[in-house]
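As a plain string of letters, each chain reads:
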Amino acid sequence: MGCGTGVNLPYLAERVGPEGAVVGVDITGPLLNRAREGVVDIDNASVVQADATRPPVADADAVLGTFVCGLFEDPAAVVDDWCDLVGSGGRVALMDATATGTPLARPLNPLFRAFVAAGAPGSTPGDVLRAPFGQFDGPLSRRVEASRAALAARTDDRRYETFAAGFVGLLSGRVR
Ligand SMILES: C[S@@+](CC[C@H](N)C(=O)[O-])C[C@H]1O[C@@H](n2cnc3c(N)ncnc32)[C@H](O)[C@@H]1O
């Protein structure tokens, strides 16, 4: 969900094998066009332009959302719907970036806030300069936390891994 340019799609297609199918969903046409070009030679992968908060597929064994839950108004509701989509036994996985809790990397959190500010729609240079001293990543972090809490509430067999000095977290779980 929110596959963007589709960088994950070839790996997912390989993982599910020829008997499986991977559908990349994104709302942004130009990004999805790049994803479409990327899967043109992959038989078991396709893309569809749609809103991931109202998934265009009726059934799936697993859902992966990378760096997208922080963009949703109500990420908990979206993750809940994704859990319904995969049903009992299905897997949902969320990868997102937040400020790090890794002690040695914490001094880099101000840089992370500036990075988030720089990428926010309508942000000004002043916002970016002020961001390290404020909580500019607050809304993003709250949404990511809400999505993770929603996933935790619906799943067992959870796995959590961090990458990039703790700035990126991958949480997955199997729906009860
Ligand atoms: C930061 S990019 C991540 C792209 C990709 N998942 C990756 O890891 O490279 C976020 C993507 O989410 C998409 N997106 C945001 N809101 C969406 C929605 N409601 N439905 C579908 N896609 C959405 C954007 O178009 C964008 O491609």
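Everything below is about the structure printed above this text.
This write-up is about the structure you can find in this document. (Residues numbered from 1 in each chain as written. Predicted model: local features only at pLDDT ≥ 70, side-chain atom pairs only at ≥ 80, totals over all residues.)

## A look at helix H6 (residues 138-154)
With 17 residues, H6 extends 24 Å between its outermost C-alpha atoms, agreeing within 8% with the 24 Å of an ideal straight helix rising 1.5 Å per residue. Buried within H6 are the following residues: Leu140, Arg143, Val144, Ser147, Arg148, Ala150 and Leu151. In a view along the axis of H6, the buried residues occupy a sector of 155°, so they form one face of it. Turned more than 90 degrees from where H6 packs its buried face, Gly138 and Pro139 sit exposed. Those residues of H6 hidden inside the fold are in contact with helix H3 (75-86), strand S4 (91-97), helix H4 (109-119), strand S5 (155-163) and strand S6 (168-175). (Helix = DSSP H or I, 4+ residues; strand = E, 2+ residues; numbered from the N terminus. Expected span 1.5 Å × (residues − 1). Buried ≥ 20, exposed ≤ 12 C-beta atoms within 10 Å, placed from the backbone. Arc of directions from axis to C-beta. Contact = placed C-beta atoms within 7 Å.)

## Description of helix H1 (residues 9-16)
Turn by turn, an α-helix covers 3.6 residues, leaving residues three or four places apart pointing in a common direction. Buried residues of H1: Leu9, Leu12 and Ala13, and no others. Angularly, the buried residues of H1 cover 100° about the axis, an arc narrow enough to put them on a single face. Exposed residues pointing more than 90 degrees away from the buried face of H1 are listed as Tyr11 and Arg15. Contacts made by the buried residues of H1 are with strand S1 (22-26), helix H2 (29-38), strand S2 (45-49) and strand S3 (62-66). Residue glycine 17 follows H1 closely and has a positive phi angle near 75°.

## Section: the nonpolar core
Core analysis: the largest hydrophobic core is formed by 37 residues, its most contacted members being Leu9, Val79, Trp82 and Val92. Sequence-distant contacts of leucine 9, defined by excluding residues within four places in its chain, comprise Cys3, Val22, Gly24, Ala35, Gly38, Val39 and Ala45. (Core = buried A, V, L, I, M, F, W, Y, C linked by C-beta atoms within 7 Å.)

## Quick word on unusual backbone geometry
The phi dihedral of phenylalanine 67 falls on the positive side, at around 55°, and the residue is not glycine. Tracing the backbone through its elements, the reader meets phenylalanine 67 in the loop between S3 and H3. A positive phi angle, near 50°, is found at aspartate 157, a position not held by glycine. Relative to the assigned elements, aspartate 157 resides in strand S5.

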